[in-house]
Amino acid sequence: MKVAVLGYGVVGVGVYEMLKKAEGLEPGPVLVRPGKADAPFKVTSIEQIVSDPTVGAVAEVMGGVSPAFEYAAAALKAGKHFVTSNKALVAAKGIELKALAEESGAAFLFSAACGGGVPFLHNLSIARKSDEIRSLGGILNGTTNYMLDAMQRLDMDYGQALADAQRLGYAEADPTADVSGLDALRKIMLACAVAYDVLPTEGLLNEGIENMTAADAAHMKSRGYTCRLLAQGGRNPDGSVYAFVEPVLFRAGAPECSVLENYNMAKYEGACAGSIVLMGQGAGRWPTASAVLRDLSCVLQGDRAMLQPGCKAGAADNSALSRLYYVRLPEAFAARLPSESCEAEDGLARLVTKPLSPAAMHAAAKEIRAAGGELFFAAIGG
Ligand code: HSE
């Protein structure tokens, strides 16, 4: 099967090179936006691809919602199988693309959009058919994991850690999506869509690592905690879905502490299977390209869909869970949170809250920030 590649950046080059050697696959034209890098078999319009009868599939690795969506729609309408690593695209337009794929009978697979090389969505899409998926998520952003690891283990400062993650090809074109938790949030949205037939688009919460200082990193380390950015999703007792992203503190010895550099740790809890953990590189050229190629091989084997026909957009409810939070904030704002314990020094308070839902903690943080209080918070995990 000849595969057209949309985008020839960090991941596009990897996909193109892997296609040369993959069983049953070969590289086709490469769509490069005007003014962008040169590429082999370069074309500059999607029409040249969708009208080419020798192209069987399109692999999109350009990122962003537009024009990726228009290109994806054109490819699917023309009956070309479509695989993508683009989580922003699937989070925003997944339901529409699923409908187009169903109409034309073409495949729509996106396991490369979550977890880089880790076959998380692929396994989830199989497991959900026979087991009840109770919860899912984990460390799903390579950039922030690289940064947190560098800041806590190597005492690197935030700016240097981010610059390194960008240089190594882990970060998004605009790394705000990584450090704000939005990239991980999009990934948990996709995982919920695959496992629960609900693509949550409302009620979502994401707290990233932008507010973590070197002093926070040093303080957490001195108390024996390691911070990781976790994306969490699952079913509430009433059947609704929760989906949110926030920093979580782990005690030494917790498996999350051993996830270093750009690695991801994706998990799901099956009612029968129990806890399944998948680990591997979550970002970068070759890991992500390998996931695109894996999807293309699945297309060759007859796989057509990761989203079931009944999958719909819906709302997340993050008010039913409860956990303790560590919060660093100006002492003057400390009374706004119910606390178990609180230490104050030089105008700064570091407190542990009473049990709060993610919805309550994120709402309180928003209010405190709106009133001028800078804060960092992290859930206290295992
Ligand atoms: N920027 C993303 C990350 C790329 O760091 O995880 C892989 O999705």
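Cut-offs applied
In this numbering scheme, every chain counts its residues from 1 along its sequence in written order. Given that this is a predicted model, residues contribute local features only at a pLDDT of at least 70 and side-chain atom pairs are listed and counted only at 80 or more, while totals for whole chains, interfaces and linings are drawn from all residues. For side-chain calculations, the full set of non-hydrogen atoms in the structure is used, while hydrogens and water are omitted. When a residue's accessible area, from a 1.4 Å probe over protein chains only, is under 20% of the maximum for its type it is buried; when over 50% it is exposed; and in between it is partly exposed. What counts as a helix is a DSSP run of H or I of at least four residues, what counts as a strand is a run of E of at least two, and both are numbered from the N terminus. In short, DSSP must find at least two bridges between two strands for them to pair. Working definition: residue near molecule or strand if any one of its non-hydrogen atoms lies within 4 Å of it. Here a polar contact is taken to be a pair of N or O atoms separated by no more than 3.5 Å, where protein atoms must pair a possible hydrogen donor with a possible acceptor and residues adjacent in sequence count only if both atoms sit in side chains. What sets the accessible areas is the Shrake-Rupley method with a 1.4 Å probe; for residues, cover comes only from the shown protein chains. Gly falls in the polar group here, along with every residue not listed as nonpolar (Ala, Val, Leu, Ile, Met, Phe, Trp, Tyr, Cys, Pro) or charged (Asp, Glu, Lys, Arg). Residue contacts follow a heavy-atom distance rule, with two residues in contact if any of their heavy atoms lie within 4.5 Å.

Here we come to the pairing of strand β15 (residues 325-330). The buried fraction of β15 amounts to five of the six residues, a majority that puts the element mostly inside the structure. Sheet analysis places β15 next to strand β18 (residues 376-380), joined by four bridges and oriented antiparallel. Across the sheet, Y326 pairs through a bridge with A378, a residue of β18. Where β15 lies against strand β17 (residues 348-353), five bridges are found, and the strand directions are antiparallel. Across the sheet, Y326 pairs through a bridge with V352, a residue of β17.

Let us look at unusual backbone geometry. For the bond running from S66 to P67, omega is 15 degrees, close enough to zero to count as cis. Inspection of the secondary structure assignment puts P67 in the loop between β4 (55-60) and α3 (68-77). The phi torsion at F41 lies on the positive side, around 45 degrees, for a residue other than glycine. The exposed category is assigned to F41, whose relative accessible area is 59%.

Attention shifts here to the site of the ligand. Every residue close to the ligand is listed here: K87, N141, G142, T143, Y170, A171, E172, D178, D183, K187, G282 and A283. One of the side-chain N or O atoms of N141 is found 3.4 Å from an oxygen atom in the ligand. Between a nitrogen atom of the ligand and a side-chain N or O atom of E172, the distance comes to 2.6 Å. Considering the ligand on its own, with 250 Å² of exposed area, one finds that the protein chains cover 94% of that surface. Those elements that place two or more of their residues in the shell around the ligand are α6 (142-153) and α9 (182-196). Taken together, the residues of the shell around the ligand break down into three nonpolar, four polar and five charged.

Note on placement: G203 falls in the loop between β8 (198-202) and β9 (205-206). In this structure, G203 is in contact with A316 and N318, ignoring residues within four places of it in sequence.

Let's shift gears to the side chain of N145. Note on placement: N145 falls in helix α6. The exposure class of N145 is buried, given its relative accessible area of 1%. Among the polar contacts listed, one links the side chain of N145 to the backbone oxygen of V259, at a separation of 3.0 Å. Excluding its chain neighbours within four sequence positions, the residues that come into contact with N145 are I139, R228, V259, L260, E261 and Y263.

Function-wise, these values are silent; they only describe arrangement.
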